[in-house]
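Fold and geometry: a report
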Amino acid sequence: MTLYDILRYGYGVFFVVLHIVLMFGLFLEWLRDKKARKQQTVNHKVSVIIPIHNESHRMEGLLRTLLVQSCRAQIIFIDDRSTDESPAMLAQFAHDAAQRGIDCRIITLTENPGPNRKQFALSRGITEANGDYFLYTDGDCEVPPDWVRAMVCRIQDEKIGAVIGPVFKKKQGKGFFSLYQCYDHAVRYNYLAGATGLGAAGGGFGNNLIVSRKALDSVGGYDAIPPSPTEDAALISQIRRGGKYCVRAITMPDAVVETISEKTWRSFINQTLRWNNGGLFSPEVFTRFNYNLLMLIISTGIIAIPFLPFFSALWPLPAAVIVSMIANNITIFALFRTKLPKGGILTKLTYIFFLLFTPAYFTLLTVMGYARIKTTWKNEN
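Structure report, in brief. (Residues numbered from 1 in each chain as written. Predicted model: local features only at pLDDT ≥ 70, side-chain atom pairs only at ≥ 80, totals over all residues. Heavy atoms only, no water.)

1. Examining the overall build of the protein
Where we set the bar: Numbering of helices and strands runs from the N terminus, with a helix taken as a DSSP run of H or I at least four residues long and a strand as a DSSP run of E at least two residues long. Throughout, radius of gyration means the C-alpha value; the globule benchmark is 2.2 Å times the number of residues raised to the power 0.38. Throughout this description, buried means an accessible area under 20% of the type-specific maximum (1.4 Å probe, protein chains only), exposed means over 50%, and partly exposed covers the range between. In this description, contact between two residues means that some pair of their heavy atoms is separated by no more than 4.5 Å. Per-residue accessibility takes into account occlusion by the displayed protein chains alone, with areas from the Shrake-Rupley method and a 1.4 Å probe. In this count, Lys and Arg are taken as positive residues and Asp and Glu as negative ones, while His and the chain termini are left out. For this purpose, a charge sits on NZ of Lys, CZ of Arg, CG of Asp or CD of Glu.
In terms of regular secondary structure, the protein is built from 12 helices and 10 strands. Against the globule reference of 21 Å for 381 residues, the protein gives a C-alpha radius of gyration of 21 Å, in line with a compact fold. C-alpha atoms of the protein, sized along the principal axes, occupy 75 × 45 × 40 Å. Every one of the 381 residues in the protein was classed for burial, and the buried ones make up 56%. At a minimum sequence separation of 6, the contacts of the protein that also span at least 24 residues come to 83%. Here the protein displays about 16,800 Å² of accessible surface, and carbon together with sulfur accounts for 62% of that area. Looking at charge distribution, the protein has the averaged site of its 41 positive side-chain charges lying 6 Å from that of its 30 negative ones.

2. Structural notes on empty space enclosed by the protein
Note the following rule: Only protein atoms enter the calculation, which uses a 1 Å grid: trapped sets of points that fit a 1.4 Å probe without letting it out are cavities, open sets showing protein on both sides within 12 Å along at least five of seven lines are pockets, and any residue with an atom within 4 Å of a point is a lining residue. Grid points are joined across faces, edges and corners, and a volume is the space filled by probe spheres set on the points. Amino acid classes used here: Ala, Val, Leu, Ile, Met, Phe, Trp, Tyr, Cys and Pro are nonpolar; Asp, Glu, Lys and Arg are charged; the rest, including Gly, are polar.
Tallying each qualifying case throughout the model produces 1 cavity of 30 Å³ or more. In this model, the largest cavity occupies a volume close to 60 Å³. Lining of the largest cavity is provided by Lys118, Leu122, Tyr136, Gly206, Leu209, Tyr222, Glu231, Asp232 and Leu235. With 3 residues, helix α8 (residues 231-242) is the single largest residue contributor to the lining of the largest cavity. Its residues placed into classes, the lining of the largest cavity shows 5 nonpolar, 1 polar and 3 charged.

3. Quick look at the packing of aromatic side chains
Note the cut-off: Only centres within 6.5 Å qualify two rings of Phe, Tyr or Trp (six-membered ring in Trp) as a pair; their planes then separate them into stacked at under 30 degrees, edge-to-face at over 60, and tilted for everything else. In our convention, an over-ring charge means Lys NZ or Arg CZ found within 6 Å of a ring centre and within 35 degrees of that ring's normal.
One pass over the structure, following the stated rule, counts 31 aromatic pairs. Aromatic side chains Tyr9 and Trp315 sit 6.1 Å apart centroid to centroid with 80° between the ring planes, which places their arrangement in the edge-to-face category. Note that Tyr9 is positioned in helix α1 (residues 3-36) and Trp315 in the loop between α10 (285-303) and α11 (316-336), a separation of 306 residues in sequence. For Tyr9, a relative accessible area of 33% translates into the label partly exposed. Ring geometry for Tyr180 versus Tyr361: centroids 5.8 Å apart, planes at 85°, classification edge-to-face. On the criterion of sequence distance, the pair formed by Tyr180 in helix α6 (residues 176-197) and Tyr361 in helix α12 (residues 345-370) is long-range, its members being 181 residues apart. For Tyr180, a relative accessible area of 0% gives the class buried. Here Tyr361 falls in the buried class, since its relative accessible area comes to 4%. By the ring-pair criterion, three or more aromatic residues cluster together here, those being Phe176, Phe177, Tyr180, Tyr183, Trp265, Phe268, Phe333, Tyr351, Phe353, Phe354, Phe357 and Tyr361. The ring of Phe281 carries the charged tip of Arg372 above its face, separated from the ring centre by 4.1 Å.

4. Quick look at the environment of Phe120
Along the chain, the position of Phe120 falls in helix α4 (residues 117-128). On the basis of relative accessibility, which here comes to 26%, the residue Phe120 falls in the partly exposed class. Along the chain, Phe120 and Glu231 lie 111 residues apart, while their C-alpha atoms are 9.8 Å from each other.

5. Quick look at the sheet that holds strand β10 (residues 257-259)
Operational definition: For two strands to be treated as a pair, DSSP must find at least two bridges joining them.
Here we have 3 strands laid out as an open sheet, ordered β5-β10-β7, and mixed in their pairing. Each edge of the sheet is formed by a strand with only one pairing partner; in this case those strands are β5 (141-142) and β7 (167-169). Alignment of β5 against β10, held across 2 bridges, turns out to be antiparallel. Each bridged residue has a counterpart across the sheet, and for Cys141 the counterpart in β10 is Thr259.

6. Re α12
Convention followed: Expected span of a helix: the number of residues minus one, times 1.5 Å. The term bend refers to the angle at a residue between two fitted axes, each drawn through seven residues, those ending there and those starting there.
Over its 26 residues, α12 runs 38 Å from end to end, which matches the ideal 38 Å to within 8%, given 1.5 Å per residue. Maximal helix bending in α12 amounts to about 40°, located at Leu355; proline Pro359 follows within four positions. Positive phi shows up at Arg372, right after α12, with a value of about 60°.

7. Re the pattern of salt bridges
The condition that has to hold: Between Lys or Arg on one side and Asp or Glu on the other, a salt bridge is scored when a side-chain nitrogen of the former is within 4 Å of a carboxyl oxygen of the latter.
Scanning the entire structure with this criterion turns up 17 salt bridges. Linking Lys118 and Glu231 is a salt bridge whose minimum nitrogen-to-oxygen distance equals 3.7 Å. Taken together, the residues span a long stretch of sequence, with Lys118 in helix α4 and Glu231 in helix α8 at a distance of 113 residues. Each member of the pair, Lys118 together with Glu231, is buried. Within the structure, one salt-bridge network assembled from shared partners comprises Asp33, Arg37, Arg154 and Asp254.

8. Observations regarding the packing of α6 against helix α9 (residues 265-280)
Quick reminder of the rule: Interaxial angle, 0 to 180 degrees, is taken between N-to-C directions of lines fitted to C-alpha atoms, where a helix line uses only the stretch in contact. Angle categories are assigned with fixed cut-offs, so that under 35 degrees is roughly parallel, over 145 is roughly antiparallel, 65 to 115 is roughly perpendicular, and the rest are oblique.
Relative orientation of the contacting elements α6 and α9 amounts to 10°, with a least axis distance of 12 Å. Looking at the two axes, α6 sits roughly parallel to α9. Where α6 approaches α9, its residues Phe176, Phe177, Tyr180, Gln181, Asp184, His185 and Arg188 are matched on the opposing element by Trp265, Phe268, Thr272 and Trp275. A per-class count over the contact of α6 with α9 returns 6 nonpolar, 3 polar and 2 charged.

Purely geometric stuff here, so don't read any function into it on its own.
Here it is, written out as structure tokens:
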């Protein structure tokens, strides 16, 4: 066998085996989560910390669902220089919360030096929090009634420093774009949970994340987290790297947070590029290596497709990508089928098309990331 054959077949075998290992990690995390979910007693104070920047047009759902939580928690909003109706909505929420006996605080920022503005806002919120655990979400999210309890019961073990919760996009329209946003989030969470199950947690969705105060203090506090386009991933990496606490991921739908879909491809690409760049250029070497390896392997398989008519022997590269995506699909629908949009034959065919479109989209983001294309947060640099 020539070196060329070894490389092309070796690529395919390695990528498929890599996904089998990730799926095994996901299975391990499912077993752990099944056990942790049985814990229903909450004996610790919890602070929910939420940065807000001009969210009046999309935070009604969050305010409504926070008021009806089955488990009491302190709620801290950081109003980051909002110029819309957000301050008035937060003031009304604080009034409604007080009538229900909920401790709600609003921190108003008049300036934010960054470099990561969300990271700066969260840091201010943490300084005002009195909880043993810090629970994060965003203004464009809706949380289930048992969200606080579901997240806290997963972090009761003193060895656990952070727990990543699943986040899904709300299907708010018809067609390919709306459906794909839902699927994209599911695929990303699948990778995160699988890596977490193997002890290699390097990312997470900051709009559904709980961290213990002790774990945060053990890494020097929130201000010690290196600036990153994805501050949530940097925080998780820092806790895992500290070695004193482990990180877990929830694999059941009871803690799923739903977030509003992006309205345009431009805003969606900006959002997903920011997440992708957070992995590609993570300040933590282990996370950066793992993420770059995964994205480069995916990209190689996709880039090989246009060359197949001329070099048919390259078929193991895209074939490995498709096989791996099939494995992803099976686990996604096994764990979270109740949270994914349902439909007729056209919807099912679209999900099948995603097997190729998703790795192609990830390849585009990777190329854009290496090209150093800048992203924004809330329309700010």
